[in-house]
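An overview of the molecular structure
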Amino acid sequence: MRTGLALLAALAFAHSWAETSQVVIENAWIRAPVAGQTVTAGYCDIRNDGDEPVTIVGFTGPVRVEMHETRTEDGMARMRPLRQLRVAAKSTASLAPGGRHLMLFGVDAEHTAGEANALTLRMRLASGDELSAQFRVRAGAGGQAKPRKEP
Ligand SMILES: [Cu+2]
């Protein structure tokens, strides 16, 4: 019995280790909020080096984070929550301006100023594993924060 439990624990640990070690978050950044705004978008590439698909179920951090996707309906770009994001084996899912993205709520100067100038967000997998990454705060694509509709 004792041996059985130890083996189960070892297997659970091995599984956990395998899942997170095969997933890498790259090019992570959040758009510096427009002055007076506390809602902004975040982007990254999620690379799955493993032989099995992985499913991302959400992000957590010092502010509220939602996964969104942008769809064009009747010629209008609309955002809607994305419950899950599947990353196929040996492939990369990109969260990029104009498409899938993270929506951050309640971002203030405290989060975007300072030496690090980055937010640490944790990505949760369907397996229960978590992976954290630093999202650097950057101005918009034009190099200057200007009022625009997110993403
Ligand atoms: Cu959004």
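Residues numbered from 1 in each chain as written. Predicted model: local features only at pLDDT ≥ 70, side-chain atom pairs only at ≥ 80, totals over all residues.

This next bit is on the overall build of the protein chain. In terms of helices and strands, the protein chain carries two helices and ten strands. The order of α-helices and β-strands along the protein chain, N terminus first, is α-β-β-β-β-β-β-β-β-α-β-β. Looking at the protein chain as a whole, 21% of its 151 residues are labelled buried. Within the protein chain, residue pairs in contact and separated by at least 24 positions form 68% of the contacts whose partners lie at least 6 positions apart. (Helix = DSSP H or I, 4+ residues; strand = E, 2+ residues; numbered from the N terminus. Buried ≥ 20, exposed ≤ 12 C-beta atoms within 10 Å, placed from the backbone. Contact = placed C-beta atoms within 7 Å.)

With that settled, the discussion passes to the pairing of strand S4 (residues 64-73). Alignment of S4 against strand S8 (residues 101-105), held across five bridges, turns out to be antiparallel. Bridge pairing in S8 links Glu-66 to Met-103. With six bridges joining them, S4 and strand S5 (residues 76-81) adopt antiparallel strand pairing. Paired with Arg-71 across the two strands is Arg-78, which belongs to S5. (Pairing = 2+ DSSP bridges.)

In this structure, Ala-41 sits in strand S2 (residues 39-48). Residues Ala-41 and Leu-104, 63 residues apart in the sequence, show an inter-C-alpha distance of 5.8 Å.

So, on to unusual backbone geometry. Phi at Asn-27 is positive, roughly 50 degrees, even though this residue is not glycine. With respect to the secondary-structure elements, Asn-27 resides in strand S1 (residues 23-31). For Asn-27, a count of 16 C-beta atoms within 10 Å corresponds to the partly exposed category. You will see that Lys-90, though not glycine, has its phi angle at about 55 degrees, which is positive. With respect to the helices and strands, the residue Lys-90 is situated in the loop between strand S6 (85-87) and strand S7 (91-95). C-beta crowding within 10 Å serves as the criterion here: with 13 such atoms nearby, Lys-90 is assigned to the partly exposed category.

Before going further, it helps to examine the nonpolar core. Of all hydrophobic cores here, the largest spans 21 residues; its most connected members are Ile-30, Cys-44, Phe-59, Leu-102, Leu-121, Ala-133 and Phe-135. Broken down by secondary-structure element, the contributors of at least two residues to this core are S1, S2, strand S3 (54-60), S4, S8, strand S9 (118-125) and strand S10 (130-138). It is S2 that contributes the most residues to this core, four residues altogether. Once you skip the residues sitting within four places of it in the chain, Phe-135 turns out to touch Ala-28, Trp-29, Ile-30, Gly-42, Cys-44, Ala-118, Leu-119 and Leu-121. (Core = buried A, V, L, I, M, F, W, Y, C linked by C-beta atoms within 7 Å.)

For the protein chain, per-residue confidence averages 83 on the pLDDT scale, and residues scoring 70 or more make up 77% of the total. Low pLDDT, under 50, characterises residues 142-147; the stretch is placed with seven contacts to residues that sit more than four places away or in other chains. (pLDDT = per-residue confidence, 0-100.)

Once that is clear, we can look at the pairing of S8. Bridging between S2 and S8 involves four bridges; their strand directions are antiparallel. Looking at the pairing, Val-39 lines up with Phe-105 of S8.

Within the element layout of this structure, Gly-106 appears in the loop between S8 and helix H2 (109-112). Judged by C-beta crowding, with 11 C-beta atoms within 10 Å, Gly-106 ranks as exposed. Spatially, the C-alpha atom of Gly-106 lies 6.1 Å from that of Val-39, the residues being 67 residues apart in sequence.

To continue, consider the environment of Leu-82. Looking at the secondary structure, you find Leu-82 in the loop between S5 and S6. Along the backbone, Leu-82 and His-68 are 14 residues apart, and their C-alpha atoms lie at a distance of 4.8 Å. In this structure Leu-82 touches Met-67, His-68, Glu-69 and Arg-100, once residues within four positions along its chain are discounted.

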